[in-house]
Amino acid sequence: MWKRLLETTKQAASLVSKPVVPAAAVAAAPKPATPAAANPATSAASSSASKGDTAVADPKLCTLKRRSSSRRAAVTPATAVSQASLLRLKQAAASKKTTLPSSLPQAAYAIDEDDPPEALTKALMSVLDGPDDVEEATPSGAPMEDSEDDEEIATSNRILDFEWFQSPPSRDPLMYWRREVAREKKKHYIFKNVESRRYTKLMQLCANKLGTESTIEFFGKLGRETGVKEFNSLIRLCLNKARACTDIDSAIEYIFRAHRLLETMRDKGLRIEQDIYGPFLLYLVDMGLLEEFEMFTAFFKDANPECFTRIAYYEMLLCIRIQDEEKIQELCHSVEDYNEEAHYDIAESYMLAFAESGRKEDLITLLDLLDLMKVSGSKYISNIFKSLGKLELENYAEKLLQEMRSKGCADGNISSLILDYVANIPNIMVEDMLVSFHKLHEKFEVAPSIAAHDKIISICCNSSKIGLALDVADHMCKSNSNVSIESFHPIIHACEQRGELHMARPMYDLIRQHNLKLKSETFRSMISLFVKMKDFEGAYNILTDAEESGEISTVSLYNAIMLGYYREKNHNGAQMVMSQMQIAGVKPDSETFSYLIVNCESEEDISKYHDQLRQDGIQMTRHTYMALINAYARLGNFDMAKQVLLDKEIPRKLLNDIKSTLVGALASNGQVLDALHMYDDIKQSGGSLEPRAAIALIEHSRTEGELDRMHQLLDELNDSSSWFEGCGRVILYCVQHNYPDAAIDLLKQLKEKDEMSTYMVVDQVFGQIWEMDATNLDLGMVLLHSVKELGLNVSRTSLDFLLSACVKLKDSQRAQQIWSEYESAGLSHNVLTSLRMYQALLSSGRRKAAKKLLKRISKDDDHVRYIIDASRMTYYSEDLKPPATIRFGSKNRASSKQIVTTNEGTEG
């Protein structure tokens with residue numbers, strides 16, 4: 001904020017032939033991406049630099065810190081790795097080498113060189129869990145009565161189909177063959193699931209065009225039987241169409257189409273479960289369709305007699321929906337004669353309906369009529385406790401817990417139910433929830449379970465209570481001896497996502513204190529946190545702990561540290577990681593070479609690492625090809641970047657991704673035309689552009705007249721996050737090249753998808769208007785009006801940018817309009833806003849109005865006094881032509897007073 005004010009003063013001073021404000025006193029303008037960020041330290045430095053030119057003292061840091069300042073303070077400069085840590089790592093790696101077996105484990109079958117291939121297959125199968133592989137490898141069409149010998153031959157042929165010795169030998173052949181067999185096993189599972197999803201999607205598309213009945217008939221003629229999943233999909237499609245109807249008659253038509261589908265399911269003998277009838281009955285309840293509801297409930301009870309207890313829940317919801325109090329009381333008191341388990345299931349359905357609808361008194365009445373001993377054994381007991389928490393019925397929750405305790409229910413189940421109760425109490429703080437949780441455990445003499453603690457840790461992490469989550473984890477480890485490291489994974493994830501990096505040290509100390517066994521992914525996540533903190537000493541210590549465990553592969557951990565060094569542009573540190581890998585005998589993998597290649601500073605280094613990768617027999621991966629392209633493009637050798645695509649070893653399934661990488665690399669390095677030509681080739685060949693490449697093209701396309709191309713690239717973005725990012729960049733393009741209608745249309749689309757995030761884009765738009773060399777204030781006012789028409793609240797940041805643009809253009813009339821917009825948006829005129837308005841009035845020559853406004857500005861802050869003095873020295877310069885209203889002759893002072901009075905009245 002301070003910097004933007006000073007920048008505006010600098011821009012105005014640049015128009016004066018003899019500027020008074022020194023250049024060192026003016027801070028750089030902020031980027032629009034973070035328009036609200038202010039740097040008081042910069043202002044202080046600016047004031048100090050100009051001390052000799054102005055009478056302003058060095059301003060103190062008297063503005064509020066940003067909310068994230070406490071977190072950033074914990075992120076220290078990169079720490080050097082001590083020789084002691086490196087020596088400890090070397091010793092750990094050496095000890096790990098001595099404990100490894102000198103050869104591969106012997107197979108169950110002993111083989112000689114003269115044995116046939118089947119013997120080799122049996123030996124390998126004994127290592128690779130042969131029975132499972134035999135089962136998976138057996139063709140699905142094979143008859144069940146085949147002999148065991150036939151199955152062995154089929155299995156052998158299946159495995160011997162692999163080209164075992166065609167590709168370059170891996171450093172670990174056993175691992176290579178294990179991956180190949182696992183990949184074949186996975187194919188069967190993936191094919192079945194993907195095929196089912198595609199079939200369901202195809203049915204939905206056909207149903208939209210042909211109708212549901214014609215679709216079923218069509219697929220039946222193709223010999224494809226329609227199952228429960230497909231019927232469920234078609235019924236859901238009918239429901240969605242019914243919800244989209246504006247009149248009830250059209251909705252009824254789709255309802256009866258769904259009814260015919262349900263009848264077909266019943267005739268085929270398919271079971272109609274709750275996931276099918278539940279959404280259907282809820283829709284009828286929401287619409288208040290009584291006759292249709294009665295007809296369908298009768299149908300469902302006839303088709304599936306076991307569902308009548310659950311349908312009671314929807315019947316009670318309907319009574320509550322239509323406010324039939326007499327029926328509600330009738331159903332409520334009918335439970336007095338219940339004594340069978342099925343009857344209690346009906347009563348529990350009523351309880352859930354009352355709880356969901358917030359009918360506390362009816363729920364209390366029902367609980368008083370029931371035998372709590374039988375309620376405590378309900379299959380819906382978890383939902384009941386959640387409902388008691390929502391309605392704050394602590395007495396009944398304690399009664400149920402007492403009944404379960406007397407029945408000898410497991411402590412773990414009771415602990416989970418206590419958490420269900422306390423976690424659903426309305427508006428409860430996490431700390432208060434923990435107090436209630438432990439209080440109830442002490443009251444009923446139950447030890448908190450690990451499952452309950454895990455849920456509490458997740459709740460704490462979702463509430464940004466990382467420290468509290470660590471306290472819970474510590475308590476859990478002290479009270480239970482079989483805690484797994486997975487309990488800490490939500491905390492690790494929260495630290496990374498929420499920027500609480502400083503919590504990594506106490507978390508790792510806690511893990512070591514309780515001697516928890518870490519897995520490879522846990523070690524890597526912890527190293528990543530330390531690396532982001534720039535604590536490479538701590539990262540190496542964790543790596544040493546992993547080496548000392550001797551049970552995991554550590555190459556990915558070395559890669560994580562190497563990546564951290566490259567992010568810090570510390571190439572010497574990355575090379576030190578490579579040296580440590582060689583000392584420890586850890587072979588680099590494709591990820592290692594990807595990092596090395598993409599950060600090369602010469603083409604000779606690229607060739608060196610590429611050749612070394614080939615010599616080591618490491619498989620080229622997607623990321624390796626991408627690294628080659630990005631490395632060559634960054635060094636300006638675009639021909640070599642394009643030649644990467646000519647590699648015949650590139651798998652066909654990776655070709656589109658690698659082409660997209662080339663498009664993004666060309667666009668990011670100034671070759672936008674080549675990137676667009678490559679994009680056209682991809683489209684002509686039937687391919688599509690990856691989101692990152694499309695965004696890179698949008699971002700670096702600067703030429704005017706490419707709006708249609710921008711929309712085409714935007715259509716390439718399918719997922720919501722990338723589309724939002726790309727749409728924001730297209731809007732900025734429209735602002736830059738003055739396409740207001742297109743920008744407004746895209747803002748409307750953004751609002752429909754994510755209103756809260758749209759405000760960030762709006763701030764960026766007004767920030768760019770202020771930042772442009774040729775400030776287009778007319779476009780800014782049009783967009784301001786459109787933003788208000790879309791129902792969006794104009795933020796202070798957006799108005800600040802517009803007001804700064806008025807200062808830049810010396811437009812006091814527009815500044816007055818924007819000044820009134822603060823009040824319309826319910827925003828007060830704070831000190832920074834008043835200073836901008838003061839500058840706008842001064843720059844346009846309205847000195848008396850500026851002087852009047854200055855009286856209302858508090859001058860206690862050193863920054864404020866500095867900006868006022870700098871503005872005066874800029875706009876009151878002798879070379880600045882005075883306004884015509886104050887150039888008076890000595891002979892007509894009387895008439896000039898009238899003019900001044902008239903001007904003041906207009907300005908007011």
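Residues numbered from 1 in each chain as written. Predicted model: local features only at pLDDT ≥ 70, side-chain atom pairs only at ≥ 80, totals over all residues. Heavy atoms only, no water.

Draft legend 1. The arrangement of the overall build of the protein in detail. The secondary structure content of the protein amounts to 48 helices and zero strands. Partitioning the contacts of the protein with sequence separation of at least 6, the portion at a separation of at least 24 is 67%. A total of about 47600 Å² of accessible surface is found on the protein, and carbon and sulfur atoms cover 49% of it. (Helix = DSSP H or I, 4+ residues; strand = E, 2+ residues; numbered from the N terminus. Contact = heavy atoms within 4.5 Å. Areas by Shrake-Rupley, 256 points an atom, 1.4 Å probe, with all protein chains shown as cover.)

Draft legend 2. Structural context of helix H40 (residues 740–753). Spanning 14 residues, H40 covers 20 Å between terminal C-alpha atoms, matching the ideal 20 Å at 1.5 Å per step. Buried residues of H40: Ala742, Ala743, Leu746, Leu747 and Leu750, and no others. Taken around the axis of H40, the buried residues stretch over an arc of 135°, which confines them to a single face. Opposite the packed face of H40, turned more than 90 degrees from it, sit the exposed residues Asp741 and Glu752. Contacts made by the buried residues of H40 are with helix H38 (707–714), helix H39 (720–736), helix H41 (755–771) and helix H42 (777–789). (Expected span 1.5 Å × (residues − 1). Buried < 20%, exposed > 50% of the residue type's maximum accessible area, 1.4 Å probe, protein only. Arc of directions from axis to C-beta.)

Draft legend 3. A look at a positive patch on the surface. Side chains of Lys851, Lys852, Lys855, Arg856, Lys859 and Arg872 sit close together on the surface and give a patch of like positive charge. Tracing the backbone shows Lys852 in helix H46 (residues 847–854). The exposed category is assigned to Lys852, whose relative accessible area is 54%. (Patch = residues over 30% accessible without salt bridge, like charges linked within 9 Å, V, L, I, M, F, W, Y side chains within 5 Å. Salt bridge = Lys/Arg side-chain N within 4 Å of Asp/Glu carboxyl O. Lys, Arg positive; Asp, Glu negative; His and termini not counted. Charge placed at Lys NZ, Arg CZ, Asp CG, Glu CD.)

Draft legend 4. Structural view of the packing of aromatic side chains. As enumerated under the stated definition, the model contains nine aromatic pairs in all. Each ring, one from Tyr313 and one from Tyr314, has its centre 5.0 Å from the other, and the planes form 75°; the classification is edge-to-face. Pair check on accessibility: Tyr313 and Tyr314 agree, each one buried. Arranged with centres 6.3 Å apart and planes meeting at 25°, the rings of Tyr733 and Tyr739 form a pair that is stacked. The buried category is assigned to Tyr733, whose relative accessible area is 3%. Through a chain of ring-to-ring contacts, three or more aromatic side chains come together here, namely Tyr277, Phe296, Phe299, Phe300, Tyr313 and Tyr314. Seen from the ring of Tyr609, Lys608 lies directly overhead, with NZ or CZ sitting 4.7 Å from the centre. For Lys753, the ring lying beneath its charged end belongs to Trp723, and the centroid distance is 3.7 Å. (Phe/Tyr/Trp six-rings, centres within 6.5 Å; stacked < 30°, edge-to-face > 60°. Lys NZ or Arg CZ within 6 Å of the ring centre and 35° of its normal.)

Draft legend 5. Expanded view of the environment of Leu261. With respect to the helices, strands and loops of the structure, Leu261 is situated in helix H11 (residues 248–267). Of the residues examined, Leu261 reaches a relative accessible area of 1% and is grouped as buried.

Draft legend 6. Main features of unusual backbone geometry. Phi at Gln323 takes a positive value of approximately 60°, unusual for a residue other than glycine. With respect to the helices and strands, the residue Gln323 is situated in the loop between helix H14 (308–321) and helix H15 (325–333). With a phi close to 60°, Asn738 is a non-glycine residue in the positive phi region. Assessed through its relative accessible area of 43%, Asn738 is described here as partly exposed.

Draft legend 7. Local environment of the layout of surface pockets. Approximately 690 Å³ is the volume attributed to the second largest pocket. Elements with a contribution of two residues or more to the lining of the second largest pocket: helix H31 (590–598), helix H33 (622–634), helix H35 (652–668) and helix H37 (691–700). Of all the elements, H35 adds the most residues to the lining of the second largest pocket, at six residues. Partitioned by chemical class, the residues of the lining of the second largest pocket number eight nonpolar, eight polar and four charged. (1 Å grid on protein atoms, 1.4 Å probe; cavity = no way out; pocket = protein on both sides within 12 Å on 5 of 7 lines; lining within 4 Å. Points joined across faces, edges and corners; volume = space filled by probe spheres on them. Nonpolar A, V, L, I, M, F, W, Y, C, P; charged D, E, K, R; others polar.)

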